[in-house]
Amino acid sequence: MSFELPGRTPARIRAELDEEFTFHLEARTAQLVAEGLEPDAARRAALAEFGDLSLAQQRCAREDLARERDRRRTAWLGDLRLDVVHALRALRRRPAFTAAAALTLALGIGGTSALFSAVYGVLLRPLPYADAGRIVTVWQTNPTGGQFDRPSPGNFLDLRDRSRTIAPMAAAEPSGMDLTGAGDPVGLDTWRVTEHFFDVMGAAPALGRTFRPGEFAPGGPAVVVLSDAAWRRHFGGDPSIVGRRITLDAIPHEVVGVLRPDFRYPTQGQLWVPRALTEADRARRAQTYYTVVGRLAPGTALAAARGEIAAVGANLVREYPRINTGVRFDLIPLPERLSGRARGSLLLLLGAVGFVLLIACGNVAALLFARRAEQQRELAVRAALGAGRARLVRQLLTETLVVAAAGGALGLGLATLLVGAIRRWAPATLPRVDDITIGWWTIVFAVAITLAAGLGCGMWPALAGTRSLAADVRGRAARTGRTRDVLVAGEVALALVLLIAAGLLLRSFAHLLQVDLGFDPGRRVAATLHVWDRVPDVGARAEFFRRLDERLAQTPGIRAAGAASSLPLSAEGSEMDPPFLIEGAAAPAPGTEPTALYTIVTPGFFRAMGLGLRRGRLLDARDAMGAPRVAVVNEAMARRYWDGAEVLGARIRGAGVRDSTSYEIVGVVADVRRSGHESAAMAEYYVPHAQHPRAFGSMSIVAEGAVSATVAGHAVQTAVWELLPGQTFAVEELDRLLADTLAPRRFGLGMLAAFALTGLLLALVGIYGLVSVTVAQRMREMGVRMALGATPARLVREVTARAVRLAAAGIVVGLLLALATSRALRALLVGVSPADPLTFGLVAVLALAAAAVASWSPARRAARIDPVRAMRADG
Amino acid sequence: MAALELLQGTVDTLILKSLSWGPRHGFAVSRWIGDRSAGALGLEDAGLYQALHRLERRGAVTSSWGLSENNRRARYYRLTPAGRRQLQAETVTWRRYAEAVFLVLDARTAGS
């Protein structure tokens, strides 16, 4: 600590200047008088000679003030340097304290920094598209449900042509193409995009160019743009790829460009090809599968564009009532569309890890309190030497910040590990996982949190430690003890909130797993074949699937097999949702017909999926071409449209003009949750493939393996290639697909559980520390009591009981906090209320038990006190 | 002859020189410069004091209050080591500059 002379105030500076100038003027005046001038004349002359007095005063004062500022700053920096050096020395002498504090803070800082990186990557990081805030996605609502659907081609064309506020507008159609001639034949995910798609996205290619207008004319040149991944994987990153021809679907396509690695719209596709739209497409209004994007016209606000789209949409509803009745159109800005769904969960997790940081700070503050008590003597000496309270507090805070900096550095290392773990285990539904990295934002955040934590933990102990350095030491210990009690109780409360949240989610998860899916995904594989072009003849196609069914049934390793136009869990199939009519019932107004999921199946399908029959019969071999047309409905459909009445024997038919065949309902099967545990069962009906007039050519094979899904998968591949050599298709395991639907929940639960357990551990450490300190501080008192006859066991019980009571108080507060905040989880809970008494009660009991164990261990030390030594000890 | 006006940098050098024999107050510095230059250099006192305070801020001189010859409180300025070094360097530069100018101005013919 340096001795410093007090600085000069502005008033003092000005006074001294006055004195200096006065001296000069008087000296000059005296000189002139000595030369013979009259005193008044001399004074005037001296003044005139001097020059601009007030200007001189101003300028000199400015220089002096600046000098003061410089001096203060140098002194401050010098003090800081001294403090830091002193702190480093002191901390090295107390490695246990330093390590404990730094590691505790590292946990909190590392966790929060990692999660902030995730939040930044997914929600805040700028998208790789130019001015992404002005890109909007266009949606139409499903007339039956409230959900958002992708617009149909016809609606897209009209929207595009009529909208002034969104220009340009483009669409992307999902597809697939087979690449041959570059290694094994492989199917690549393809996006067929309309004109201006790349202009809307505003993404410049890495190599070459994107499409030119001439390439969108029907019959135009066959061109393709590759994704970075596809370019590297299938063409070895060949720098001369632009201009080369590759064979897609047996047609040579010229590669005109390669996109940058971060271009992933609409999804991580591999190829982009032009889609020329014709007037025929304008007539297709029922199929909703176009991803439509557009850019807001310059100067247009989102609200204005929304209004215009809604108005254009209203016109479309009027013009095409059959298809568009009840449909509304809306816009979602691209950033929100991409990340919006993850926002809630991510922010929740960030809040949870924030709790962990608070608990960690609580422990560090307790450590600091103990250290201040230790430092009393040193601080007293400094105060006696003239250090002001502010100066001492500054020194203590510097020490705290040095520890915090160490914790922060360790925390950043921890954050790097955690971010790696998040990237590895993140569910596929978490958008922009590749954007979750450690970057400048992580460091800025970590530095800010370190400062905040350091100041937060350190301020109170520093103030308390310097409050009254002459006061009685024991009195101060008692006050500190109470503060420490409050800290520990607070930590327990926070940890409890985390534990209850984790508990509620865990119960939800368990509840979900018990939900009956309606089918059995175990040991089953799915393989989707598109054979429209390979088997163009309708009769041959029907025969193909019949033979495939037979072939698979005879394969060892496969217990049952079938095929369907779309399977639950699989995204590869063609989900169809057409309107239908019930014969004999009152016909609804055109455009308001009910819709149900319509699946074309082979007879083996039901057994292969493990789909149970409820009434009547399943479809079988007798339902062939020429036989009466039949269908099988599920319970949901039967309940909804024939509630109570007899459904077997009723007839339904499609409401579209083309397909007016009527089916007789011959059976009712169980409901299926198509998208996993959290989805609801929809109305569905199944018709035989053999009776389909066009022998539907996109069918998903499902096979139940006798032993395992892998074996079944190989068997399916072999069987298909026997009948159709070289056909490309992907094999999916239904078990894995099901696990994928649960992955987001599992991920969130895993993270929350990790945070909750960390928080609990930290709180238990806090309790342990508190009891240890209490025992140490009250040694003398306990020695006296033991000497007077108290048994060690009694003392241990007392100490433990006190700590447990404290924990109980924290638990009660925690329960109330949890009750107030668990509402935030409501959207994520399934089958469990946010105030579930079982979870609350169980967590409270467990926490109490843990606290008891944590306090008992150090309390036992009280039993080993030697009364004589204790009474002689200090304090 | 009218007093020559001084360039700013020169004032600093002159002040430093005047302090090189020991501490002086501002009035003494002003008188010494005037006497030494036989009145040719007209240095306004206002400018002189500004220069003194500026020099103090830059660390070339320091000041302290003391008693003058007739027991009045006056602010005395004193050279610091840094100021002494600055004086040496500036003196050398000034001499060289002046010699070079003289060489040119003393030329008798266009060629020599």
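Note that the structure is predicted; figures quoted are calculated from it, not measured.

1. Observations concerning the overall build of chain A
Here comes step 1: Along its length, chain A carries 24 helices and 22 strands.
Here comes step 2: Rg of the C-alpha trace for chain A: 39 Å, well past the compact-globule value of 29 Å for 875 residues, more than 25% over.
Here comes step 3: With the C-alpha coordinates of chain A rotated into their principal frame, the extents come out at 135 × 95 × 55 Å.
Here comes step 4: Looking at chain A as a whole, 48% of its 875 residues qualify as buried.
Here comes step 5: Considering only residue pairs separated by 6 or more positions, chain A has 80% of its internal contacts joining residues 24 or more positions apart.
Here comes step 6: Split by element, the accessible area of chain A, about 40600 Å² in all, is 60% carbon and sulfur.
Here comes step 7: Here chain A holds 101 positive side-chain charges and 80 negative ones, and the gap between their average locations is 8 Å.

2. Section: the overall build of chain B
Here comes step 1: Along chain B, the regular secondary structure elements total four helices and three strands.
Here comes step 2: Ordered by position in the sequence, the α and β elements of chain B form the string α-β-α-α-β-β-α.
Here comes step 3: Every one of the 112 residues in chain B was classed for burial, and the buried ones make up 34%.
Here comes step 4: Long-range pairs, those at least 24 residues apart, make up 49% of the contacts in chain B between residues at least 6 apart in sequence.
Here comes step 5: Within the structure as shown, chain B displays about 7000 Å² of accessible surface, and the carbon and sulfur contribution to it stands at 55%.

3. Notes on the environment of Thr109(B)
All names here are of chain B.
Here comes step 1: By the secondary structure assignment, threonine 109 is in the segment after helix 4 (81-105).
Here comes step 2: Of the residues examined, threonine 109 reaches a relative accessible area of 48% and is grouped as partly exposed.
Here comes step 3: Along the primary structure threonine 109 and arginine 85 are separated by 24 residues, whereas in three dimensions their C-alpha atoms are 40 Å apart.

4. What to know about the pairing of strand 12 (residues 524-530) of chain A
Residues and elements named next belong to chain A.
Here comes step 1: Judged by how many residues are buried, strand 12 sits mostly within the fold: six of seven residues are covered.
Here comes step 2: Note that strand 12 and strand 21 (residues 698-705) share seven bridges and pair antiparallel. Following the sheet pairing, threonine 528 is matched in strand 21 by serine 700.
Here comes step 3: As defined by bridge partners, strand 12 adjoins strand 22 (residues 731-733) across three bridges and the pair is classed as antiparallel. Bridging from a neighbouring strand, alanine 526 pairs with glutamate 732 of strand 22.

5. Some details on the interface of chain B and chain A
Interface size is commonly expressed as the accessible surface area that is lost when the partners come together.
Here comes step 1: With 21 residues of chain B at the interface, the matching set in chain A holds 25 residues.
Here comes step 2: In total, about 2100 Å² of surface goes out of reach between chain B and chain A, with carbon and sulfur atoms giving 53% of it.
Here comes step 3: Interface area lost by chain B to chain A is led by Phe27(B), Tyr49(B) and Arg57(B), which between them contribute 30%.
Here comes step 4: Linking chain B with chain A are seven salt bridges, by the criterion used here.

6. Side note on the side chain of Thr165(A)
Residue and element names in this part refer to chain A.
Here comes step 1: Within the secondary structure layout, threonine 165 lies in the loop between helix 5 (153-162) and strand 3 (166-180).
Here comes step 2: The class for threonine 165 is buried, based on a relative accessible area of 13%.
Here comes step 3: There is a polar contact of 2.5 Å between the side chain of threonine 165 and the side chain of glutamate 308.
Here comes step 4: Setting aside anything within four residues of it in sequence, one finds threonine 165 in contact with Arg295, Leu296, Ala297, Thr300, Ala304, Ala305 and Glu308.

7. Examining the sheet that holds strand 1 (residues 24-25) of chain B
Here comes step 1: Reading across the sheet, the three strands line up as 1-3-2 (chain B) and stay open at both edges, with antiparallel pairing between neighbours. At either margin of the open sheet sits one strand with a lone partner, and together these are strand 1 and strand 2 (61-67) of chain B.
Here comes step 2: Of the pairings in the sheet, the one linking strand 2 of chain B to strand 3 (residues 73-79) of chain B comprises seven bridges and is antiparallel in character. Across the sheet, the residue bridging to Gly66(B) is Ala74(B), located in strand 3 of chain B.
Here comes step 3: Together, strand 1, strand 2 and strand 3 of chain B form the strand contacts of helix 1 (residues 10-34) of chain A, whose direction differs from that of strand 3 of chain B by roughly 95 degrees.

8. Structural notes on the environment of Ala495(A)
Residues and elements named next belong to chain A.
Here comes step 1: Relative to the helices and strands, alanine 495 resides in helix 15 (residues 473-513).
Here comes step 2: C-alpha separation for the pair alanine 495 and arginine 306, spaced 189 residues apart in sequence, amounts to 45 Å.
Here comes step 3: Sequence-distant contacts of alanine 495, that is, excluding residues within four places in its chain, are made with Ile359, Gly759, Leu760 and Ala763.

9. Topic: the packing of aromatic side chains
Residues and elements named next belong to chain A.
Here comes step 1: Counted by the stated rule, this structure contains 28 aromatic pairs over all chains.
Here comes step 2: Centroid distance phenylalanine 369 to tryptophan 460: 5.7 Å. Interplanar angle 80 degrees. Geometry classified as edge-to-face. Placement of phenylalanine 369 in helix 11 (residues 334-374) and of tryptophan 460 in helix 14 (residues 440-465) is noted, with a sequence separation of 91 residues between them.
Here comes step 3: Take tryptophan 460: its relative accessible area is 46%, and that puts it in the partly exposed class.
Here comes step 4: Ring geometry for tryptophan 721 against phenylalanine 729: centres 5.8 Å apart, planes inclined by 55 degrees, an arrangement best described as tilted.
Here comes step 5: On the basis of relative accessible area, phenylalanine 729 is assigned to the buried category, the value being 15%.
Here comes step 6: These aromatic residues form a ring-pair network of at least three members: Tyr129, Phe197, Phe198, Phe211, Phe216, Phe263 and Trp272.
Here comes step 7: Directly above the ring of phenylalanine 97 sits arginine 371, whose terminal nitrogen or CZ lies 5.4 Å from the centroid.
Here comes step 8: Sitting above the plane of the tryptophan 856 ring, arginine 860 keeps its charged end 4.9 Å from the centroid.

10. Some thoughts on helix 12 (residues 376-384) of chain A
All names here are of chain A.
Here comes step 1: Among all positions in helix 12, only Gln376, Leu379 and Arg382 are buried. One face of helix 12 carries all of its buried residues, which in axial projection span an arc of 125 degrees. Structural note: helix 12 exposes Arg377 and Ala384 on the side pointing more than 90 degrees away from its buried face.
Here comes step 2: A positive backbone phi angle near 115 degrees is found at glycine 386, which sits one or two residues after helix 12.

11. A look at the pattern of salt bridges
Here comes step 1: On inspection of all chains with the given rule, the structure shows 62 salt bridges over all chains.
Here comes step 2: A salt bridge links Arg73(A) to Asp70(A); the shortest N-O distance between them is 3.5 Å. Separated by three residues within a single helix, Arg73(A) and Asp70(A) lie in helix 3 (residues 53-93), roughly one turn from each other.
Here comes step 3: Residue classification places Asp70(A) among the partly exposed positions, given a relative accessible area of 28%.
Here comes step 4: Among the ionic contacts, a cluster of salt bridges with common partners joins Arg8(A), Arg12(A), Glu16(A), Glu20(A), Asp64(A), Glu68(A), Arg71(A) and Arg75(B).

12. Points about the pairing of strand 4 (residues 186-193) of chain A
Residues and elements named next belong to chain A.
Here comes step 1: Both strand 3 and strand 4 contribute to a ladder of eight bridges, which runs antiparallel. Residue pairing in the sheet places glutamate 173 in a bridge with arginine 192 of strand 4.
Here comes step 2: Taking the residues between adjacent antiparallel strands as the criterion, strand 3 and strand 4 are bridged by five residues, where glycine 181 takes a positive phi near 90 degrees.
Here comes step 3: Sheet topology places strand 4 next to strand 9 (residues 271-274); four bridges connect them, and they run parallel. Residue pairing for strand 9: arginine 192 is matched across the bridge by valine 273.

13. Things to note about the nonpolar core
The nonpolar side chains of soluble globular proteins are, as a tendency, buried together.
Residues and elements named next belong to chain A.
Here comes step 1: Ranked by internal contacts, the top residues of the largest apolar core, which has 73 residues, are Leu115, Phe755 and Ile767.
Here comes step 2: Of all the secondary-structure elements, those providing two or more residues to this core are helix 4 (95-124), helix 11, helix 13 (389-425), helix 15, helix 20 (734-777), helix 21 (779-787), helix 22 (792-821) and helix 23 (837-863).
Here comes step 3: Discounting chain neighbours no more than four positions away, the residues touching leucine 115 are Leu349, Leu350, Val353, Ile422, Met751 and Phe755.
Here comes step 4: Listed in part, the 42 residues of the second largest apolar core include Phe580, Val668, Tyr685 and Ala712.

Rules behind the numbers
Residues numbered from 1 in each chain as written. Chains lettered and ligands numbered in written order. Predicted model: local features only at pLDDT ≥ 70, side-chain atom pairs only at ≥ 80, totals over all residues. Heavy atoms only, no water. Helix = DSSP H or I, 4+ residues; strand = E, 2+ residues; numbered from the N terminus. Rg over C-alpha atoms; globule rule 2.2 N^0.38 Å. Buried < 20%, exposed > 50% of the residue type's maximum accessible area, 1.4 Å probe, protein only. Contact = heavy atoms within 4.5 Å. Areas by Shrake-Rupley, 256 points an atom, 1.4 Å probe, with all protein chains shown as cover. Lys, Arg positive; Asp, Glu negative; His and termini not counted. Charge placed at Lys NZ, Arg CZ, Asp CG, Glu CD. Pairing = 2+ DSSP bridges. Buried area = accessible area lost by both parts, 1.4 Å probe. Salt bridge = Lys/Arg side-chain N within 4 Å of Asp/Glu carboxyl O. Polar contact = N/O pair within 3.5 Å; in protein donor to acceptor, adjacent residues only side chain to side chain. Axes fitted to C-alpha atoms, helices over the stretch in contact; angles between N-to-C directions. Phe/Tyr/Trp six-rings, centres within 6.5 Å; stacked < 30°, edge-to-face > 60°. Lys NZ or Arg CZ within 6 Å of the ring centre and 35° of its normal. Arc of directions from axis to C-beta. Core = buried A, V, L, I, M, F, W, Y, C linked by side-chain atoms within 4.5 Å.

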